[in-house]
Every structure is written in structure tokens, then in C-alpha cells.
2 protein chains.
Amino acid sequence: MGRWEPNARERLERAALALFVERGYDATTVAEIADRAGLTKSTFFRHFADKREVMFGGPDALAELFSDAIRTAPPSTAIAGCLAAALESVAAAFTPDRHDLAGQRRTLIATSSELRERELLKLARLGSAMADALRARGADDTTARLAAEVGVLAFSTAFARWAAPENRQPFIEIAHAALRDLQAAATALGADAEPRS
Amino acid sequence: MGRWEPNARERLERAALALFVERGYDATTVAEIADRAGLTKSTFFRHFADKREVMFGGPDALAELFSDAIRTAPPSTAIAGCLAAALESVAAAFTPDRHDLAGQRRTLIATSSELRERELLKLARLGSAMADALRARGADDTTARLAAEVGVLAFSTAFARWAAPENRQPFIEIAHAALRDLQAAATALGADAEPRS
DNA sequence: TAAGTGATGACACCAGGTCTCATCACCGGC
DNA sequence: GCCGGTGATGAGACCTGGTGTCATCACTTA
């Protein structure tokens, strides 16, 4: 892995994930990651804004996929249908061959509050993008925000279940089930009477 | 403000807020904050785990208030009623005299993605605490998570509206209205038919 | 062969954050 | 009134994340 080999970014991502799994996120130095990739600290920060970002290279595109799916859904589609369409649009990214990788990534994020923070920021951006897309379809503010939150919740729980080691079900099915459950829960919560006590 | 004056923590919080407002979060150094408070960098980090945390001293107690309120609600109370009780339990913290301070804090957080990340982490912990409390009351997992998310959403939008400069309404009213709107939106979302297209 | 371009390395630098040790005020016992 | 203990602080070394600058190298095109 010499200095001028291609795929510097990928090499850095792989080296980072490996080292994080070996020694933990905090105990791993950016210089060490760069070393293992045959590069230097300077180059690392040319490819990633900060140390956390090396774990979130892909999912940045998710927000676009989500909002595009919502925007291009047929006008007659109800809001829940938009959410389903959004989930379907990203399902292609979760193929069985990426399953193990996703699992490692998930357990790592769970161990570091620094990584957890970054994940929450990404999910919040995802939610904002969805809410914007829903408002663009004419949904009122409150509905758009709630629906976006439900969409994010459906996505993250579906992803967690899909990435679990023992899981063999395809992402799309898990996601639909999660969304369906949430919709039912929303009905129950909405129908909930005001406290009478 | 000599070395042995009391209230070091408060002095640091005040100095930090003032400097952040003057120069912005990024342009302010921890050493400068400590200087203005008549203390040193060492002491700052003895009171706050990191630079962000100086902005989140109070709200850490919110999670406890929320889950306590949910746990101690009468058993007959419906889930929406639990959320309302939780919001009521923290309303005492948002008195008119803290209004301006909260506004400054809010605009600051909006300007720094570092602070936004931390806020999201706090809100996520709040949501987890609420979900735990709801599960302890017998709610199933999906319902608990959704309801907690709705509770967090109600709280954060209510807080944003309450902290707006032109607002004069008490927090509790705004919070109830936000929760009511969200409940209505949940009904609509739940009733949403499956996509037929 | 020579100039230009883009990615990289080397290095200096700053700020956040940790750690250790000395110092000072205060408190209680004698 | 002196003395030792305790707790908060100051001082400063140190590491790492992150930024900026400049030189270097490979590859391309004329």
C-alpha cells in the first residue's frame, strides 16, 4: 500500500474501522489510522473533516435519497406512503454483503458517545430533510415534523434490527414492519383520551 | 472575583455565555472563559467535562424530572396524559426571569454544530429516559419509543417557542398546545391509509 | 522534454483535554 | 494559639485533534 496507490479514502476507512475494533475508538490515533493506510495525518484530514467522520462516509447521501423519494412520490400518495417510499429508496444500500460491516459499525458507535453524537446529528439532518420534503408536498408543519420523526425512528430501528448478527431478513421487509408498527402506535397515541383522573 | 470566591461553577457559566455571545463559540478559548471568571483552565475542566458542557449545566436534571413524573402518574393515566404530566413537571424551570438567558442560549446553540450535537445527545437521553419510564408502566416497546419521541418533540418545540424573544406566554400553555397538536397529527398519520397507487 | 496539475508529506502551530504536583484557605482538635 | 487534615485551586508538562503552509512527487499534456 504505497504512497501513490489509489483509493486513499477507502483505505483510510478500512484502516480506521479495523483499528477501532481492535483497540477502541478513543485509544486509536489518527496518525495510527493513517499509518496503517500507508498515509499521513495530513492526508487523513484532507479526506475527512474530523476523526468521527471516517465512520460516516456513506450515510451522508441518505438524506438526499429520502427527500427525493418523498418529492417524487405520486401526488395522491398519503404521508405514510411517502415514508414507505423513502425507506424503499435506500433499501438498495443494505445488501447482505454489507451486513457484517454494518454490524461492526453499529457496535462501535454504541461504545463511543462521541460517535453517538455524530450519528444523532446525521439522523437529525435526515429528519429535517424529510420534514422539508413533506412540507413541500403541502403537509402542515406539525404533521411534517412528526412524520419525519416517525420516518427516522422507523429507519433507525429497522437498521438496528437488520444489522443484528443473527438477522437474515432483508432490510426492506424489516423497515416496512417497523413503519407499520409505528403507524399503529401512532393511532393508539392519537386516540388516547385526555387524562381524566 | 478573586481566587477563593464561591460559586466558581456559576461564574464560569456566566463568563462562557457572555464570551460566546460576544465573539462566538469557536472563537472563544477555554482559557479566556476561565480568565474572565478569575480562574484557570484547570479549574474549568474540574467543573465541566468539556467546553460544550458549560452550556448544558441545568438540563441534565430534566431527564430525571421527566421520568419521575411518568413513573408517579396515577396508573389509570393514559400515555398522552403521562407526557402532559412530564411537561408540567419541568415547567417550573422556565420562569419569565430566565427567558432572556434561554433565548441567548438557544441562538448560540443554533450557530454551532458542535453545540447542536451535544444538544441532540441530551435530547436523545431524555427520550431514552422517557421510553424506559413508559415501558415500566407496561407500554410495549414501539409505543414507548414513539411516545417518548413525541414527548421530546413537544418539549423542544415548546421550548423554542417559549424562548422566542417576542413570546410572553408561559411555558406550560405552549407545551400543552404543542402536545395537543402532535397528538392530532399522530391521529392523522395513524389513520393514513396504506399507499394504494 | 518541459510545464502544469493534483495528491501527498513534512512541519509548525493552536486549542481542547488529561495528569501530576504544589499551594492556599478553611476546619477541627489539642 | 498552634497543628494536621481536607478540598479546591494554580501551575505546568504533555498528548492528540485539527489547521495552515510549503515542498515534493507522480501523472498528464503539449
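Every chain's residues receive numbers from 1 upward, in the order its sequence appears when written. Chain letters start at A and ligand numbers start at 1, both assigned in the order the entries are written. Totals for whole chains, interfaces and linings use all residues, but because this is a predicted model, local features are given only for residues with pLDDT of at least 70 and pairs of side-chain atoms are given and counted only at 80 or more. Hydrogens are left out, water is left out, and the side-chain values use all remaining heavy atoms of the structure.

Caption draft 1: Fine view of helix 6 (residues 99-111) of chain A. Residue and element names in this part refer to chain A. Only DSSP runs of H or I covering at least 4 residues are called helices, and only runs of E covering at least 2 are called strands; the numbering of each starts at the N terminus. Any helix carries an expected span of 1.5 Å times its number of residues minus one. The end-to-end C-alpha distance of helix 6 is 19 Å, a good match for the 18 Å that 13 residues give at a rise of 1.5 Å each. Only protein chains enter the accessibility calculation, which uses a 1.4 Å probe; a residue is then buried when its area is under 20% of its type maximum, exposed when over 50%, and partly exposed in between. By the burial criterion, the buried members of helix 6 are His99, Ala102, Gly103, Arg105, Leu108 and Ile109. Buried positions along helix 6 lie against helix 1 (8-23), helix 7 (113-136) and helix 8 (141-163). The contact criterion used throughout is that any non-hydrogen atoms of two residues lie within 4.5 Å.

Caption draft 2: Focus on the layout of surface pockets. Space inside the largest pocket adds up to approximately 1500 Å³. Two kinds of site are reported from a 1 Å grid over the protein atoms alone, namely cavities, where a 1.4 Å probe fits but cannot get out, and pockets, open sets with protein on both sides within 12 Å along at least five of seven lines, and residues are called lining when an atom falls within 4 Å of a point. In this structure, the largest pocket is lined by 48 residues; those nearest its centre are Leu120 and Glu149 of chain A together with Leu120, Ala124 and Glu149 of chain B. Those elements that provide at least two residues to the lining of the largest pocket are helix 6, helix 7 and helix 8 of chain A together with helix 6 (99-111), helix 7 (113-136) and helix 8 (141-163) of chain B. A per-element tally of the lining of the largest pocket places helix 7 of chain B first, with 12 residues. Residue polarity is assigned by list, with Asp, Glu, Lys and Arg as charged and Ala, Val, Leu, Ile, Met, Phe, Trp, Tyr, Cys and Pro as nonpolar; anything else, Gly included, falls into the polar class. Residue classes in the lining of the largest pocket are distributed as 21 nonpolar, 12 polar and 15 charged. Grid points are joined across faces, edges and corners, and a volume is the space filled by probe spheres set on the points.

Caption draft 3: Region of interest: the environment of Arg98 of chain B. Residues and elements named next belong to chain B. Note on placement: Arg98 falls in the loop between helix 5 (79-91) and helix 6. Arg98 gets classed as partly exposed once you look at its relative accessible area, which sits at 47%. Sequence spacing of Arg98 and Ala163 is 65 residues, and the spatial spacing of their C-alpha atoms is 9.1 Å.

Caption draft 4: Just the interface of chain A and chain B, in detail. Opposite the 35 residues of chain A that make contact, chain B presents 37 residues. Between chain A and chain B the total buried area reaches about 3300 Å² when both faces are included, carbon and sulfur atoms providing 66% of it. Reported buried area values correspond to the accessible surface (1.4 Å probe) lost by two parts on association, with both partners' losses combined. Its largest share of buried area at the contact with chain B, chain A owes to Glu117, Leu146 and Leu189 of chain A, together 20% of the area lost on that side. A carboxyl oxygen of Asp or Glu within 4 Å of a side-chain nitrogen of Lys or Arg is what we treat as a salt bridge. Seen at the junction of chain A and chain B, the total is 2 salt bridges. Across the pair Arg118 of chain B and Glu117 of chain A runs a salt bridge whose closest N-O atoms are separated by 2.4 Å. Contacts described as polar in this section are N or O atom pairs within 3.5 Å, which, within protein, must combine one atom able to donate a hydrogen with one able to accept it, while residues neighboring in sequence count only if both atoms come from side chains. Inspection of the region where chain A meets chain B yields 6 residue pairs in polar contact (both at pLDDT 80 or more). Those elements that provide at least two residues to the side of chain A that touches chain B are helix 5 (79-91), helix 7, helix 8 and helix 9 (171-191) of chain A.

Caption draft 5: Local environment of the protein's contact with DNA strand C. Near DNA strand C there are 21 residues, and of these Thr40, Thr43 and Arg46 of chain A together with Lys41 and Lys51 of chain B occur at the shortest range. Consider each residue's heavy atoms; a residue with any of them within 4 Å of a molecule or strand counts as near. Here the atoms of DNA strand C within 4 Å of the protein split so that 55% fall in sugar or phosphate, with bases taking the remainder. The separation between a base nitrogen of DNA strand C and a polar side-chain atom of Ser42 of chain A is 3.2 Å. Between Thr28 of chain B and DNA strand C, the recorded distance is 3.5 Å, taken from a backbone N or O atom to a phosphate oxygen.

Caption draft 6: Representation of the protein's contact with DNA strand D in the model. In the region of DNA strand D, 22 residues are neighbours, and Lys41 and Lys51 of chain A together with Thr43, Arg46 and His47 of chain B sit closest. When atoms of DNA strand D within 4 Å of the protein are sorted by moiety, sugar and phosphate together comprise 53%. Take Thr43 of chain B: an N or O atom from its side chain is 2.5 Å from a phosphate oxygen of DNA strand D. Side-chain polar atom of Arg46 of chain B to a base oxygen of DNA strand D: 2.9 Å apart, as the coordinates give it. Listing elements by their share of the surface near DNA strand D, those giving two or more residues are helix 3 (41-47) of chain A together with helix 3 (41-47) of chain B. Looking at the surface near DNA strand D, the element that brings in the most residues is helix 3 of chain B, giving 4 residues. In terms of residue class, the surface near DNA strand D is built from 7 nonpolar, 8 polar and 7 charged.

Caption draft 7: Structural detail: the packing of aromatic side chains. Residues and elements named next belong to chain A. By convention, a stacked pair of Phe, Tyr or Trp rings (six-membered ring in the case of Trp) has centres within 6.5 Å and planes under 30 degrees apart, an edge-to-face pair has planes over 60 apart, and any other such pair is tilted. Applying the stated criterion across every chain yields a total of 24 aromatic pairs over all chains. With 5.4 Å between their ring centres and 65° between their planes, Phe94 and Trp162 make a pair best called edge-to-face. Of the two residues, Phe94 is situated in the loop between helix 5 and helix 6 and Trp162 in helix 8; the sequence distance between them amounts to 68 residues. Grouping residues by exposure puts Phe94 and Trp162 together as buried. Comment: the charge-over-ring label is applied if NZ (Lys) or CZ (Arg) is within 6 Å of the ring centre and within 35 degrees of the ring normal. The side chain of Lys51 reaches across the aromatic face of Tyr25, ending 4.3 Å from its centre.

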